[in-house]
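Each chain, letter by letter, is given below.
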Amino acid sequence: MIAFLTKLPSRWISLTFRQPPTGATVAPKANLSTAPPEPVVPSKKPIKVELIGGKHYSWCSCGYSRKQPFCDGAHKTRAQGMTPLRFVPEKDSTVWLCGCKHTNNPPYCDGTHKQDFIVSAPLHEYTD
Ligand code: FES
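A quick note: this is a predicted structure, and the numbers were derived from the prediction, not measured.

Draft legend 1. Up close: the UniProt feature "domain: Iron-binding zinc finger CDGSH type" (unreviewed entry) in the protein chain. UniProt records the feature "domain: Iron-binding zinc finger CDGSH type" (unreviewed entry) for residues 44-81 and 82-119 in the present numbering. A helix fraction of 11% and a strand fraction of 21% characterise residues 44-81, whose end C-alpha atoms lie 23 Å from each other. With 11% helix and 21% strand, residues 82-119 has its two end C-alpha atoms placed 23 Å apart.

Okay, structure coming up:
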């Protein structure tokens, strides 16, 4: 058996090839599967924002938006399968929204950005 695992810009692809038993006349079998896409890290700090109660917001969950921490629709082409988190605050408030996109309490920062896997992660660079 030969297995490959590679990461494309927005998803993981694993391929497994199985050889038929010696002397068999069956062609090798290939399996294609994808894992959920992972967000990129556009910032390693939370972003302080003033929210207006009753207003609809879309927090970027993929990290590709140029309007951090909010969605600009980039997920539609850069991170297919990911969607922004839509939320409506009850009242006006000043909050810290997650900028690293790995919080366990989206859209709010929970301190995950201090963990080694974020500290050592490459920052997403906007190329276009
Ligand atoms: S910025 Fe993502 S958890 Fe703090």
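Next comes the rest of the description.
Draft legend 2. Local environment of the environment of K44. Within the secondary structure, K44 is located in the loop between β3 (29-35) and β4 (47-51). As a C-alpha pair, K44 and I118 span 74 residues in sequence and 6.9 Å in three-dimensional space. Leave out the neighbours within four places in its chain, and K44 touches H113, I118, V119, S120, A121 and L123. Of note is the side chain of K44, whose polar atom sits 3.4 Å from the backbone oxygen of I118.

Draft legend 3. The arrangement of the environment of G81 in detail. Looking at the secondary structure, you find G81 in the loop between α1 (75-78) and β6 (85-87). By relative accessible area, G81 is classed as exposed at 74%. Counting along the chain gives 44 residues from G81 to P37, while the straight-line C-alpha distance between them is 7.0 Å.

Draft legend 4. Spotlight on the side chain of S43. Mapped onto the fold, S43 is located in the loop between β3 and β4. A polar contact is formed between the side chain of S43 and the backbone oxygen of K45, at a distance of 3.0 Å. Excluding residues that lie within four positions of it along the chain, S43 makes contacts with G99, C100 and L123.

Draft legend 5. Focus on the packing of aromatic side chains. Within the structure shown, the criterion is met by three aromatic pairs. With a centroid separation of 5.6 Å and an interplanar angle of 25 degrees, the aromatic rings of Y57 and F87 are classed as stacked. Residue Y57 is located in strand β5 (residues 57-59), and its partner F87 is located in strand β6; the two are separated by 30 residues in the primary sequence. In this structure, Y57 and F87 share a single accessibility class: buried. A connected cluster of aromatic rings, assembled from ring pairs, spans Y57, F70, F87 and Y108.

Reading the values: the criteria
- Residues numbered from 1 in each chain as written.
- Predicted model: local features only at pLDDT ≥ 70, side-chain atom pairs only at ≥ 80, totals over all residues.
- Heavy atoms only, no water.
- UniProt positions renumbered as here; feature names shortened; annotations may be inferred.
- Helix = DSSP H or I, 4+ residues; strand = E, 2+ residues; numbered from the N terminus.
- Contact = heavy atoms within 4.5 Å.
- Polar contact = N/O pair within 3.5 Å; in protein donor to acceptor, adjacent residues only side chain to side chain.
- Buried < 20%, exposed > 50% of the residue type's maximum accessible area, 1.4 Å probe, protein only.
- Phe/Tyr/Trp six-rings, centres within 6.5 Å; stacked < 30°, edge-to-face > 60°.

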